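Residues per chain are reported as follows:
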Amino acid sequence: MKILIADDEAMSRRLLQKTLERAGYDVIAVENGRQAVNQICTTDGPSLALLDWVMPELDGPGACREIRKRKEQSYVYMVLLTSKEAKEDVIAGLESGADDYLTKPFDAEELKARLRTGLRILGLEDRLVEAREEMRFKASHDALTTLWNRGVILELLERELSRSHRENATTVILLCDIDHFKAVNDSFGHLVGDEVLRETAKRLLASVRSYDFVGRYGGEEFLVVLNNCDPAFAFARAQEIRNTIAQRPVQTSTGPVPLTMSLGLLLSHEWGIRSVVELLNEADTALYAAKRAGRNCVKVASPCAASDIPGSRVDEPARQR
Amino acid sequence: MGQTPKKGEEELAPLILDHQELLARVENDREPLRDLLTIFKEDFPRQLLALREAVRARDGGRVATAAHTLRGMLSNLAATQAAATAARLEQMGRKEEVSRFQEALTAFENDAKKLLPQLDACMAEACK
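Per chain, residue numbering runs from 1 following the sequence as it is written. Written order determines the labels here, with chains lettered from A and ligands numbered from 1. It should be noted that, the model being predicted, local features are given only for residues of pLDDT at least 70 and side-chain atom pairs only at 80 or more, the latter also being counted only at that level, while totals for whole chains, interfaces and linings use all residues. In computing side-chain properties, one takes all heavy atoms of the structure into account and sets aside hydrogens as well as water.

A. Seen up close, the overall build of chain B. Counting from the N terminus, the helices are DSSP H or I runs at least four residues long and the strands are E runs at least two residues long. For chain B, the helix and strand inventory stands at six helices and zero strands. Sorting the 128 residues of chain B into buried and exposed places 43% on the buried side. Contacts are assigned to residue pairs with any non-hydrogen atoms lying within 4.5 Å of each other. Within chain B, residue pairs in contact and separated by at least 24 positions form 69% of the contacts whose partners lie at least 6 positions apart. Of the roughly 7300 Å² of accessible surface on chain B, a fraction of 53% belongs to carbon and sulfur atoms. Each residue is placed in one exposure class: buried if its accessible area under a 1.4 Å probe, protein chains only, is under 20% of its type's maximum, exposed if it is over 50%, and partly exposed if it falls in between. Surface exposure here means Shrake-Rupley accessible area, sampled with a 1.4 Å probe, where a residue is shielded only by the protein chains that are shown.

B. Fine view of the sheet that holds strand β3 (residues 48–52) of chain A. All names here are of chain A. Whether two strands pair depends on DSSP finding at least two bridges between them. With parallel pairing, five strands are arranged side by side in an open sheet as β2-β1-β3-β4-β5. Of all strands in the sheet, those with a lone pairing partner are β2 (26–30) and β5 (100–103), marking the two edges. Neighbour to neighbour, the strand axes of the sheet diverge by 20° on average, direction disregarded. Angles here are taken between N-to-C directions and fall from 0 to 180 degrees, while the axes themselves are lines fitted to C-alpha atoms, restricted in helices to the stretch in contact.

C. Representation of the packing of aromatic side chains within the structure. All names here are of chain B. Here a pair means two rings of Phe, Tyr or Trp (six-membered ring of Trp) with centres within 6.5 Å. Their orientation is stacked below 30 degrees between planes, edge-to-face above 60, and tilted elsewhere. Counted according to the given criterion, the structure contains two aromatic pairs over all chains. For the pair Phe 44 and Phe 108, a centre-to-centre distance of 6.4 Å together with 45° between the ring planes defines the contact as tilted. Note that Phe 44 is positioned in helix α3 (residues 30–56) and Phe 108 in helix α6 (residues 101–126), a separation of 64 residues in sequence. We note that Phe 44, like Phe 108, is buried. Site record: aromatic cluster; members linked through ring pairs are Phe 40, Phe 44 and Phe 108.

D. Spotlight on unusual backbone geometry. Geometrically, the link from Lys104(A) to Pro105(A) is a cis peptide bond, its omega value of -5° lying close to zero. Summarising the element assignment, Pro105(A) is placed in the loop between β5 and α5 (108–140). A positive phi angle, near 50°, is found at His180(A), a position not held by glycine. Along the chain, His180(A) turns up in the loop between β6 (172–178) and α7 (181–188). Positive phi, normally seen in glycine, also occurs at Arg58(B), with a value near 55°. Its place among the elements puts Arg58(B) in the loop between α3 and α4 (60–76).

E. A look at the pairing of strand β4 (residues 77–82) of chain A. All names here are of chain A. β4 sits mainly inside the fold: six of its six residues count as buried. Residues Tyr 77, Val 79 and Leu 81 line one face of β4 and the alternating positions Met 78, Leu 80 and Thr 82 line the opposite face, and both faces are buried. Direction of pairing for β3 relative to β4: parallel, over a ladder of five bridges. Residue Leu 48 lies in a different strand from β4, and its bridge partner there is Tyr 77. Across four bridges, the pairing between β4 and β5 is parallel. In the strand pairing of β5, Thr 82 is matched with Thr 103.

F. Geometry of helix α2 (residues 33–40) of chain A. All names here are of chain A. Those residues of α2 lying buried are Gly 33, Ala 36, Val 37 and Ile 40. Looking straight down α2, one finds that the buried residues subtend no more than 100° of arc, so they occupy a single side. Buried positions along α2 lie against β1 (2–6), β2, β3 and α3 (60–70). In protein, a polar contact requires one atom able to donate a hydrogen and another able to accept it; more generally it is a pair of N or O atoms within 3.5 Å, and residues adjacent in sequence count only if both atoms are side-chain atoms. A side-chain oxygen of the first residue of α2 lies 3.0 Å from the backbone nitrogen of Arg 34; this N-cap is Asn 32. Along the arc lie the directions from the helix axis toward the C-beta atoms.

G. Quick peek at the pairing of strand β12 (residues 298–301) of chain A. Residues and elements named next belong to chain A. Neither face of β12 is open: one carries Val 298 and Val 300, the other Lys 299 and Ala 301, and all of them are buried. Bridge count for strand β11 (residues 261–267) against β12 is four bridges, and the pairing is parallel. When the sheet's bridge partners are listed, Gly 264 is paired in β12 with Lys 299. Each parallel crossover has a hand, and for β11 linked through helix α10 (residues 276–292) to β12 it is left-handed. With its strands directed away from the observer, a crossover is right-handed exactly when the path from the first strand over the helix to the second travels clockwise.

Below, the structure is given as structure tokens:
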């Protein structure tokens, strides 16, 4: 465990350092409050600190205040070392953000015991942060596939559409649906169905760039958002996804399950300013057209009759569904 | 024949150097003890000079600062008597009791005179 000690007096510093090293701490020793703030506020800076009260440049309480102001990400447990014993001094020290104080000259056993208290507090903080992060993950991800959940992928799509409109770029919507998924569930059971969904999610994630988004839109439907790409790239990527799903069966606990996927593709720049719901409806129409065209294919949603990717544009009957 | 101090008086009188307390502070380890004594030997003359100059200048703030540093150093060595005298000087400095500075400095220097040979003996012991 890293610990910082800040004391302008060389003897105190040496004594603290030796006592703490003997207790198993990894000690960083500095001579004033300013150096203490700089050390603690670095990435991976120590989260345990012993600060002398009276120091040049910046005193202990001043350092506590600055650290509390600057360090918001993770908690730093700070103990003020003081020869001040007056109640008002102690109150001022604790109000500056210190967690505890210790009177100098310190007793080695008391010092170690106080630091163990600090470690318990830091351990508790770690567990709270972990729990918060877990809750944050659960609130934003699909439990089965760990992809973005429906709410989040729609928010991300909305954000990307606004950005591409501002930057005159294109956001691509890919609405993907596993073909005959009901038959998978009916033939192999829902547990195998879940395995298929998890593997599909993995393959989708592996098929896009790190800055694209993949979410679970519904039961066996996935929404892929490709940022800032041209039509040729979008269509190639959609075909690649289709191939990735179809080229080898999913290995499940009951054996291989062959799969295919139908995709509806929409290029945002072709649609002007439309709401997310409208665009998703159009992508859904394209997906439905892909299903009607025999599945395992990609269809492009287009607001105009002209088609730049022959054979892939949605015809009117399909769009009427 | 001198009078033997009563038991209670003996306990109240501050020790020049509390050996037991000093050893406890370094957890009975000679290496940090040697380090502390070496640092003290190097720093003490400089800090004492700073205190003398502050007293000569009748500067309460500087007297308090120099006496505070000396008090810390002496407390670390469990030099109880000199640390207490330094603490009194620190308080006088804070309260700007200028007229008492010289007298307190003399008392401190006397304490230091008694302390230094004991520290030398302690160092010799630690180097054995």
